[in-house]
Amino acid sequence: MSRTRIKICGLTRAEDVRAAVDHGADAIGFVFYPPSPRAVNFERAAELAALLPPFVTAVGLFVNPAPEFVSEALSRVPLQLLQFHGDESDADCARHGRPWIKAARMRPGVDLLEFVALHPGARGILVDAFVDGYGGGGRIFDWSLIPAGLGRPLILSGGLDPDNVDEAVRRVRPWAVDVSSGVERAKGIKDAGKIAAFIAGVRHADGRHALSAS
Ligand SMILES: O=C(O)c1ccccc1N[C@@H]1O[C@H](COP(=O)(O)O)[C@@H](O)[C@H]1O
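Calculation criteria
Residues numbered from 1 in each chain as written. Predicted model: local features only at pLDDT ≥ 70, side-chain atom pairs only at ≥ 80, totals over all residues. Near = placed C-beta within 6 Å. Nonpolar A, V, L, I, M, F, W, Y, C, P; charged D, E, K, R; others polar. UniProt positions renumbered as here; feature names shortened; annotations may be inferred. Helix = DSSP H or I, 4+ residues; strand = E, 2+ residues; numbered from the N terminus. Axes fitted to C-alpha atoms, helices over the stretch in contact; angles between N-to-C directions. Parallel < 35°, antiparallel > 145°, perpendicular 65-115°, else oblique. Left-handed = near helix turned anticlockwise from the far one by under 90°. Contact = placed C-beta atoms within 7 Å. Core = buried A, V, L, I, M, F, W, Y, C linked by C-beta atoms within 7 Å. Buried ≥ 20, exposed ≤ 12 C-beta atoms within 10 Å, placed from the backbone.

Draft legend 1. Quick look at the site of the ligand. Close to the ligand lie 26 residues; Cys9, Ser36, Gly135, Gly136 and Ser181 are nearest. A per-class count over the shell around the ligand returns 9 nonpolar, 14 polar and 3 charged.

Draft legend 2. The UniProt feature "domain: N-(5'phosphoribosyl) anthranilate isomerase (PRAI)" (unreviewed entry) in the chain, seen in detail. Taken from the UniProt record, the annotation "domain: N-(5'phosphoribosyl) anthranilate isomerase (PRAI)" (unreviewed entry) applies to residues 6–199. Along residues 6–199 one finds 29% helix and 23% strand; the C-alpha atoms at either end are 7 Å apart.

Draft legend 3. Main features of the environment of Ile146. Secondary-structure assignment places Ile146 in the loop between strand E6 (124–129) and strand E7 (154–156). Along the chain, Ile146 and Phe130 lie 16 residues apart, while their C-alpha atoms are 14 Å from each other.

Draft legend 4. Structural detail: the packing of helix H1 (residues 14–23) against helix H7 (residues 192–213). Running from amino to carboxyl end, H1 crosses H7 at an angle of 25°, the nearest separation of the two axes being 9 Å. Taken together, the axes of H1 and H7 lie roughly parallel to each other. Relative to H7, H1 is oriented so that their crossing is right-handed. Seen from H1, the contacting residues are Ala19, Ala20 and His23; seen from H7, they are Ala192, Ile195, Ala196 and Ile199. Of the residues belonging to the contact of H1 with H7, the class tally is 6 nonpolar, 1 polar and no charged.

Draft legend 5. Region of the structure containing the nonpolar core. Ranked by size, the top nonpolar core spans 56 residues in total, and within it Ile8, Ile28, Phe30 and Val177 carry the most contacts. If sequence neighbours within four positions are ignored, Ile8 has contacts with Ala20, Ala25, Ile28, Val179, Val183 and Ile195.

Draft legend 6. Representation of the packing of helix H6 (residues 165–172) against H7 in the model. One way to put it is that H6 packs onto H7 with a least axis distance of 8 Å and a crossing angle of 35°. The chirality of how H6 crosses H7 is right-handed. For the pair H6 and H7, the contacting residues are Val165, Asp166, Val169 and Arg170 in the first and Phe198, Gly201, Val202, His204, Ala205, Asp206, Arg208 and His209 in the second. Class assignment for the residues of the contact of H6 with H7 results in 5 nonpolar, 3 polar and 4 charged.

Structure follows, in structure tokens:
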């Protein structure tokens, strides 16, 4: 079993990017969804992306974007991965010629296997709690809604924080975790101590899993 990858999303400040990188995040996310309190413009995102060392992925998060909006983002910010967090179809996501992940908004009645089948091009499926405003709500959902055998890398998100991520990783065994609210001091303002504790929680769960497997 490989280690659980970690994405820290909704970064708006250079010091938060540095904290995420220094503590070992694999990816950071920029929110290109204007209604979000964590939204950044392309100029700011480009400045922040320039701080990333090799092998830390810059992810652009979109919610039902106009195609031209994504094109402009791609021309101005060095994004390696797109995250579609709205009601986009597989064709909507595919048209930009970049790898992408697709968010499923989880609540009772959602058939995740059907969702995966509807998004064959997605490199991974991100599961988040169903909230008003599409995401970033800091709300956990019932992880038992995630079926076994998805056949695609699973990215667990929704209300994760330093106190629950150890249990989340041990119970769900996702490919990756994604967090925004749980490592914040205020919306869009991350807390370096919470980032450190969150990543330590993931590593603790990974370590216990490695021990139990040996
Ligand atoms: O962060 C936002 O403001 C946001 C807005 C619209 C869609 C998604 C958004 N964030 C993503 O939501 C999940 C869960 O976040 P949280 O940890 O519960 O706050 C995560 O993937 C964020 O990237």
